[in-house]
Structures are given as structure tokens and as C-alpha cells.
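# Coordinates in review
Residue-level listing of the chains:
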Amino acid sequence: MKIAVEGCCHGELEKIYATIQHLEEKEGIKVDLLLCCGDFQAVRNERDMECMAVPKKFRTMNSFYKYYSGEKKAPILTLFIGGNHEASNYLGELAYGGWVAPNIYYLGYASVVNYGGIRIGGISGIFKQRDFRKGHFEIPPYSQDTVRSAYHTRGLEVFRLKQIAQPIDIMMSHDWPRGIYHHGNTQRLLREKTFFRDDVQSNTLGSPCNEELLHHLKPAYWFAAHLHVKFAAAVSHGSEGGEERTTKFLALDKCLPRRKFLQVVDIPHKTDAPWELTYDTEWLAILQSTKLLLTTNDRIVHMPNKQYNNRWDYSASLEELSAVREIFQDDLKIPLNFTKTVREHDPAKPVRNTTQPQAAVNPQTTTFCSKLSISDPFATIMESTGQSILATPSPLRTTGKRDVTIDTEEDSAIYDSFTVPFDTSIEEGSEEDTANSSSNPAEISLDDEEEEAEQVLRTSLRDRSVDRPLLIDFPTPGGRLEPNLEETLRHKISLDAEIVSSTPLKDSLVRDATMQTPVLTMGKFKRRNLEIYSSQEEDSPADEAKTDGLSSTGESSSTESGSSGSKKLKRRNQSMYASNDDTE
């Protein structure tokens, strides 16, 4: 199965689909699935834009509303997770996932689904220590604080994903697993993003919960975005059952011309599996068994732990799996039940000086929650605050401190068990707690990244530099290339004979620790005070020689595109990249 992976979308769906179409025509291939790794920006109208944590000058409608309204339809089934630049009000309506537009599916706060026999998991948001142990308490209209905390990953979703026992083929996240940069070409990464150096050396760059999930789930592939740079790595998990387990990691850039934001990978799949998007039985069973762990306030709640709780293992039992199959009558196909719930943006009648909308309940979530007898966070909060709900109420209602109605003795025992802190010996903010966390100092915002000229977003497709074959090469766990060329080739896209006729295939493969792809390289841009981010250490001649020896043939870059010499850079608010937990 040929899967296109995209980094930060930033609402540029038209450009992404056009790029994929161009690649299909050029390479003679057919892309079967598109995965977007956050900052999707499913903005339907002007009120949605008010719920995005971005500076006002970056609040642009872009093209998603056309797919929401039906003016256009996504040509490829598209799955995405949330990042830190989202219309949180809309995504919050779909806490467990759902269709944001025809053929475009959001995975929710966290989820596992299946397509064509490939098992795909995802976790939305970015890590922030101060919000990690809280419930999902945010609801529109948001404050200046909650518009940001709404996209912070919570411990509940991490706990649920850690109950997964069956293998995951693909895992998606927005921010990187902490420490992943030690498993690829770190020196090249630091040459491209010099201001990452201190955080890489202190091992605070990235998400500690994603690091934990990486080593627990051990997926075959892990795709991410967020840091606006392309980076590949391979993580060895050792041998299990006589077979080596390795995760191939790839992070991609944001969607801009001449940036490395898109990669196509060829992943083996079950040929007898239906080409349709389906729920995952194990994940549904976990959602159902952990329903009372959901809270909708901002108090600290610790997840169950073996030392303190009667039940701490929520992995799906055979009885729970059977119960889920019975509920769905063995029909796990995700229903095509998208419905428009608000009026879309009208370019002929733009709305100015608008405000944030009130919270709403999405009928997709209501139907899903009703089937599994679980709570919709938005509906629970709205009920507890007396707000009217047009859709069917969720089965569990907020009542006082507990946030849930305790209907049985068994439910009461479950609730009482998880309210006990999982480790009372570690206080939040203590030295031990800090050692297991990350300040996520590189939480990129649009205003902090490169400020390109306005016309760069309007660059036509014919100006894009997509001029080499789709070749995929991951580093080995030791940072070297796969010694067996045949093993490498099974991950590549089929090539047009004319493309490689002038160069032996072996020579055309990537020979560094990043994956090769048709890219959109970036034009000239400016950055101020570059010296602030420059390392005091210079790369040794040996390192330079090593990197030169690893450079790939046929690399399309700004130099090859006519841009030469050093780039002039511009960056504001450098202090935002300091290791400060309060920084967004």
C-alpha cells in the first residue's frame, strides 16, 4: 500500500492534494492513503479561527472549508491527528474521532483504526507537564489559557494506548518522541536547526510520553511533524520471538514550497483485507473498560498503578473483545455519517469582528458514545454547567467532584481505585518528577518559525522542485544504511525505468540518515540574530567529512534551485525557545 505522509498541514489541503496528484502522474503510481501529522487546521468559518492559538496575522481561512462545504471532495482517504494549531472547538466535538469532511477522518485525542489490513494508531496534541495529569476540562469559548491547554496531551490517552497488546503498524504523533534524535543523523539535524543543540544535549527536546509509547508499542513506523524539519531515524527494540523489532521514524516539515513536507512510503498490507476504514476491536474494548477514568475538570488525576489500585491492567480480555463484537454485530466499518453542523465560510460574504462560538455536541460522537456507553467530554461539561444540548446526552453525567454517575458497586470500586495517586513518593515539580518530564522547549508557533515572503504560499505547482524518483531509505538502528539492498528496496516506491536509467539504482538510493523524497525546497528568507542560536562549538573536520560522504545523489535543494550562498534568516521572540514550561 502506497501511503503519503505529510508533516504540518496548516490548512493547505489544496496544495497537498495537488502535489500528490503531480507525483502520481510523474511517477506512474497511485497513492492509497494520506496521513497528516497535525496542525491540520480544520477551519470551517471565521468563528473557528477564533479558537486557534495563533497570532491574528496567521489566522487565514486557507482551503479546508471547501472540503467541509462539499465544494470539493478529498481525492484520497485522509487520516489526521491534532497538533498545536487547530480549531480546537471543532476537533473537541470529535474526542473519539470522526469525519471532519467527506473522506477526511480525525483520529480524536487518541485512537487506533484499520485500513486495508494496516493498523494505524495516533495521539493528538503536544506534551506539557502542567496539564498532562488533568482532565479534559476545556470547552469553548476558550480563555487565553484554555485555548492552549486544549491541545495538550493528557495522561488518560497515553494510559489507554499503553493497554494495547497487539502489534501496531503505524503510529502518528505531532511532536517527536523524546530522544529520537539520538537514533538518526543528529549532526545534520543540528546543522539545520542549530537552536535545538542545548535541548538535544540535555535530552529535553520532544515528548516523554511519546518516548514511552514508542518503546511500549514498538510500531513498525512512527510519523511526526511539529519541529518543521525532515528527520529520519531507526530505533531497535531488540529481539522478540527470534525476530528483530525496529521502528522506522520519520518527521516532516510544514507545507510550503521547497520544503520537505511530503513522503510516500510503500507498506506491506493484507491483500485479503477490505479497503475500508474500520474501528479496532481492541481499542474499542479499552475505551469501554476505561470509561470511568475520564474526568472533565482541571484537578490532578493519576492513572491506575499496580502498587495502589485493585485494577491497574486494562488490556482487553477475550470477554471484553467479544462484547464489543456483539455490540457492533461484527460490522466494524466506520459509518460514513458526516453531517455539517455549522455554516461554512462564504468568500463573498466574509464575517468580520466575530467571536468564539459556544460549545456544541457532534452527532457522530453522540452515536459512538451511545453504542459503547461512554462519555462525550463536551456533552459532560455542558450538562454539568447547564448548557442546552441538542444532541442525545452522553450516558455518564458530571455530578460534583466525581464527574461521573456511579451506578454500580463495581463502578464505585473502579472510581475509588483510580483516585489514589499512582506514586505518592513523587510530588509534582520535584526533582524526580522533572527528570521524567520535558519542557518541550521547541513548541513551534507560526510566529516563531521562518517568516517567508507572502508570495511563497502562492507559488504554482509548476515552480515546485519535484524532480527525482520516490526512493525511501531508513537508517539502521546504528545510524548506518541497511547492509542488504534488497531489504531496503522493499520499502521503496516502484520507479519509472526512465527515471533511473542514467544512474545505477544502488547509487540513486539515499546514503544518509534521512529519507529521500520529492520535496518543495524553500526560497530566500530572513532571520534576525542568528548568532543567538549558533552553537559555540564548531563541527569537527571529521564530522564534516562524514556528512559530505553521506550526502545523497540528486538532492533537490535551494542551492540546486538557483539559490546559493548562506541563507539570511529571521526569527522573533528567541526567548520563547528557552526551556520554560510556561512557554507556548
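Throughout this description, residue numbers start from 1 for each chain and increase along the sequence as written. Where local features are concerned, this predicted model is filtered to residues with pLDDT of at least 70; where side-chain atom pairs are given and counted, the filter is 80 or more; whole-chain, interface and lining totals use all residues. Neither water nor hydrogens contribute to the side-chain values; these are computed over all heavy atoms in the structure.

- The chain has the name Lariat debranching enzyme C-terminal domain-containing protein in an unreviewed UniProt entry, where Patiria miniata is given as its organism.
- UniProt positions are given in the numbering used here, feature names are shortened, and annotations may be inferred rather than shown by experiment. Taken verbatim from the UniProt record of the chain, the Subcellular location (unreviewed entry) comment is "Nucleus".

### Here's the deal with the nonpolar core
- Ranked by size, the top nonpolar core spans 117 residues in total, and within it Ile3, Phe64, Ile104, Ile170 and Trp176 carry the most contacts.
- Any pair of residues with heavy atoms lying within 4.5 Å of one another is described as a contacting pair. Those residues in contact with Ile3, other than ones at most four positions away along the chain, are Leu33, Leu35, Ile118, Ile170, Gln263, Val264, Val265 and Ile267. We call a set of buried residues a nonpolar core when its members are Ala, Val, Leu, Ile, Met, Phe, Trp, Tyr or Cys and they connect through side-chain atoms within 4.5 Å of each other. Classification of residues uses two cut-offs on accessible area relative to the type maximum, computed with a 1.4 Å probe and protein chains only: under 20% is buried, over 50% is exposed, and between them is partly exposed.

### A short note on the sheet that holds strand E12 (residues 262-266)
- At least two DSSP bridges between two strands are required for those strands to pair. Only runs of H or I of at least four residues qualify as helices and only runs of E of at least two qualify as strands under DSSP, and these elements are numbered from the N terminus. Read across the open sheet, the six strands follow the order E4-E5-E3-E2-E1-E12; overall the sheet is mixed. Of all strands in the sheet, those bounded by a partner on one side alone are strand E4 (98-101) and E12. The mean angle between the axes of side-by-side strands here comes to 25°, regardless of whether they run parallel or antiparallel. For helices, the fitted line uses only the C-alpha atoms of the stretch in contact; every axis is such a line through C-alpha atoms, and the angle between N-to-C directions lies from 0 to 180 degrees.

### Observations regarding empty space enclosed by the protein
- The way it works is a 1 Å grid over only the protein atoms, where trapped points that fit a 1.4 Å probe form a cavity and open points with protein on both sides within 12 Å along at least five of seven lines form a pocket, and then any residue with an atom within 4 Å of a point lines it. Grid points are joined across faces, edges and corners, and a volume is the space filled by probe spheres set on the points. Per the counting criterion, the structure on display carries five cavities of 30 Å³ or more.
- If you go around the largest cavity, you meet 21 residues; those closest to its centre are Tyr106, Tyr109, Ser124, Ala150 and Tyr151.
- Residue contributions to the lining of the largest cavity peak at three residues, all from helix H4 (residues 88-92).
- There is about 70 Å³ of room inside the second largest cavity.
- Lys134, Gly135, Leu156, Thr295 and Met303 are the residues nearest the centre of the second largest cavity, which is lined by 13 residues in total.
- Tallied by class, residues from the lining of the second largest cavity come to six nonpolar, four polar and three charged. In this count, Pro and Cys sit with the nonpolar residues alongside Ala, Val, Leu, Ile, Met, Phe, Trp and Tyr, while Asp, Glu, Lys and Arg are called charged and the others, Gly among them, polar.

### Description of the pairing of strand E9 (residues 221-224)
- What you see with E9 is no split at all: Tyr221 and Phe223 on one side and Trp222 and Ala224 on the other are buried throughout.
- Pairing geometry for strand E8 (residues 170-173) and E9, over three bridges, is parallel. Each residue of the ladder has a partner; that of Met171, found in E9, is Trp222.
- As paired strands, E9 and strand E11 (residues 243-251) are joined by four bridges and run parallel to one another. Bridge pairing links Tyr221 to Lys248 in E11.

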